[in-house]
Amino acid sequence: MFPEFLESPTYQLARQQYERITGLLDLPQSERERTLWPRRAIVVSVPVRMDNGATRIFPGYRVQHHLSVGPTKGGLRYHPDVTLGEVAALAMWMSWKCALCGLPYGGAKGGVACDPTQLSRSELERLTRRYTQEMIPFIGPHVDVMAPDLGTDEQTMAWMMDTYSMHVGHPVPQIVTGKPVNLGGSACRREATGLGVAYLVNRTAESLGLSGRPLRIAIQGFGKVGAAAAVQLHRFGAKIIAVSDVHGGVFRQGGLDPAAVADFVQRGHRLVDFPDADRITNDELLTLDCDVLIPAAIERQITEHNVRRLRCRILAEAANGPTTAEADAILREQTDIHVIPDILCNAGGVIVSYFEWVQDLQSFFWSEAEVRDRLYRQLEAAHHQVQQYRKKTGFYIRDAALALGITRIIEAKKLRGLFP
Ligand code: GLU
């Protein structure tokens, strides 16, 4: 059975992965189904008064995958291609990610199908407030906690926190994570995903004996995650040879200064116009000769069409679901490319979100050094467990990471009974 309303290429990818793992683990059908379907899939209309006086209706979604061990957790994305199926897939990945990293959350994801680059700040504010209002019956600090994702940021979270707080009558910072620090946000949350990616890239390069000379790194996507990973890796001595955004990329053999690129983009220039670098397409970036390739944009970028042309030693999946099932089947056999699977590679974001939530619940805040230290310890533990499990089972690394996450959820469901 396959509910048609979830039908989408990204949902199919998440489902194929899930079926592969439950097959490898030889789980009974009844257990497979219970953990596959989302607990709730919510669709709302978000009417917005536009600046020109017209009213537009945007479709809004939230999928809460399971509520077996704590609230659901996951980002909210604003992107024209958002669908319920995509959001459902991303919610499943959040579940496996949280379970793998030992966070007391189920997975969730939300989205509004809109192009945030075409909306004014006040239109975005009205859209965010109305979406939050529509979600109020379904969210809460112990029910579902949102965070930024593609197309949303700290300001989006501030509007959500304010809308929810006005509804209950007092400030509730723990309703969202990824807020501005002076509204109860955590130190390091903004760069947390990038810090985690950089940590795991270095850790993996070390284990492959690649740390003798500067790593040559290509990054697809220069948003919140890609840019932060680039800055951190550059600080560690790596050469960032190429970066890109939706319009294309820039390449410099001798290495780019990512802080200078970020500053250039922030001043309103197009990334592809960055001076003293060669323009390249996204496809060229993905197939560059490099030590580390970091897809940090959207889903399904490494496909059966380009996977055989990859020339990296490490594929660090900073985006969620950047590799299709067909491409992954090829990577699985190709032992010279070492994959850091998405649910581990980009987990730094939700790990620091968890720290933010804990700090908000206690109204007791930690220093930047404490947050970084705890982040690295939590990532190291997850990385270590994946390596151990891989050795024990002989599974491919993505399968090992997914199997660890999935079995923990199935176990929790069995212990509780049928309700969650
Ligand atoms: N959107 C991020 C992710 O995909 C972070 C989610 C969160 O912090 O809750 O992992």
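On a predicted model such as this, the values are computed, not experimentally measured, just so you know.

Rules used in this analysis
Residues numbered from 1 in each chain as written. Predicted model: local features only at pLDDT ≥ 70, side-chain atom pairs only at ≥ 80, totals over all residues. Heavy atoms only, no water. Pairing = 2+ DSSP bridges. Helix = DSSP H or I, 4+ residues; strand = E, 2+ residues; numbered from the N terminus. Axes fitted to C-alpha atoms, helices over the stretch in contact; angles between N-to-C directions. Contact = heavy atoms within 4.5 Å. Buried < 20%, exposed > 50% of the residue type's maximum accessible area, 1.4 Å probe, protein only. Lys, Arg positive; Asp, Glu negative; His and termini not counted. Salt bridge = Lys/Arg side-chain N within 4 Å of Asp/Glu carboxyl O. Polar contact = N/O pair within 3.5 Å; in protein donor to acceptor, adjacent residues only side chain to side chain. Core = buried A, V, L, I, M, F, W, Y, C linked by side-chain atoms within 4.5 Å. Near = heavy atom within 4 Å. Areas by Shrake-Rupley, 256 points an atom, 1.4 Å probe, with all protein chains shown as cover. Nonpolar A, V, L, I, M, F, W, Y, C, P; charged D, E, K, R; others polar. Phe/Tyr/Trp six-rings, centres within 6.5 Å; stacked < 30°, edge-to-face > 60°.

Asker: So what exactly am I meant to see when it comes to the sheet that holds strand E5 (residues 144-148) here?
Answerer: In a beta sheet, neighbouring strands are held together by backbone hydrogen bonds and run either parallel or antiparallel to one another. With mixed pairing, the five strands of this open sheet are ordered in space as E1-E2-E4-E3-E5. Of all strands in the sheet, those with a lone pairing partner are strand E1 (40-49) and E5, marking the two edges. Going across the sheet, the axis of each strand differs from the next one's by a mean of 20°, ignoring polarity. Bridge count for E1 against strand E2 (residues 55-64) is ten bridges, and the pairing is antiparallel. Across the sheet, the residue bridging to Ile42 is Arg62, located in E2. Most of the contacts of helix H5 (residues 154-168) go to E5, to which it runs at about 150°, and overall it touches strand E3 (72-78) and E5.

Asker: What is the right way to read the sheet that holds strand E11 (residues 314-316) from this model?
Answerer: Taken in spatial order, the seven strands make up an open sheet running E9-E8-E7-E6-E10-E11-E12, and their pairing is mixed. Each of the sheet's edge strands pairs with one partner strand only, and the pair in question is strand E9 (278-280) and strand E12 (338-340). With direction set aside, neighbouring strand axes in the sheet form an average angle of 20°.

Asker: How do you make sense of the side chain of Glu123 when you look at a structure like this?
Answerer: Mapping Glu123 onto the fold places it in helix H4 (residues 121-135). Buried and without a salt bridge, Glu123 has Arg126 as its closest oppositely charged side chain, separated by 4.9 Å. Polar side-chain contacts of Glu123 include one of 2.9 Å to the backbone nitrogen of Asp51. Filtering out sequence-adjacent residues up to four positions away, Glu123 remains in contact with Val48, Met50, Asp51 and Gln118.

Asker: Before we go on, may I ask you to explain the nonpolar core in this structure?
Answerer: For soluble globular proteins, the rule of thumb is that nonpolar side chains tend to be buried together. Counting 114 residues, the largest nonpolar core has Trp96, Val201, Ile217, Val243, Leu293 and Ile294 as the members making the most contacts within it. The element contributing the most residues to this core is helix H3 (residues 84-100), with 13 residues. Not counting chain neighbours up to four residues away, the residues in contact with Val243 comprise Ile219, Phe222, Gly249, Val250, Leu256, Val261, Leu271 and Leu285.

Asker: When you look at the site of the ligand in this model, what are you seeing that I'm missing?
Answerer: Around the ligand there are 14 residues in total, and Lys73, Lys97, Lys109, Asp149 and Ser353 lie nearest to it. In this structure, Lys73 approaches the ligand through a side-chain N or O atom, which is 2.8 Å from an oxygen atom. Note that an oxygen atom of the ligand is positioned 3.1 Å from one of the side-chain N or O atoms of Asn320. For the ligand, the accessible surface in isolation is 290 Å², of which the surrounding protein chains cover 94%. Elements supplying a minimum of two residues to the shell around the ligand: E3, H3, E5 and helix H12 (348-362). A breakdown of the residues in the shell around the ligand according to their chemical character gives four nonpolar, five polar and five charged.

Asker: Just checking my understanding: could you explain the packing of aromatic side chains for this structure?
Answerer: Geometry of an aromatic ring pair is reported as the spacing of the ring centres plus the angle between the planes. This model, assessed by the stated rule, comprises nine aromatic pairs. What links up through ring pairs into an aromatic cluster is the set Tyr105, Tyr354, Phe355, Trp357 and Trp366.

Asker: Is there a simple way to explain the pattern of salt bridges in this structure?
Answerer: Two side chains with opposite charge may pair up if their charged atoms get near one another. Scanning all chains against the criterion turns up 29 salt bridges. For Asp144, the salt bridge is made with Arg62, and the minimal N-O distance between the two is 2.7 Å. Here Asp144 is found in strand E5, whereas its partner Arg62 is found in strand E2, with 82 residues between them in sequence. Residue Asp144 is classed as buried on the basis of its relative accessible area of 0%. The exposure class of Arg62 is buried, given its relative accessible area of 0%. Of the charged contacts in the structure, one is a salt bridge between Asp360 and Lys179, with a shortest N-O distance of 2.7 Å.

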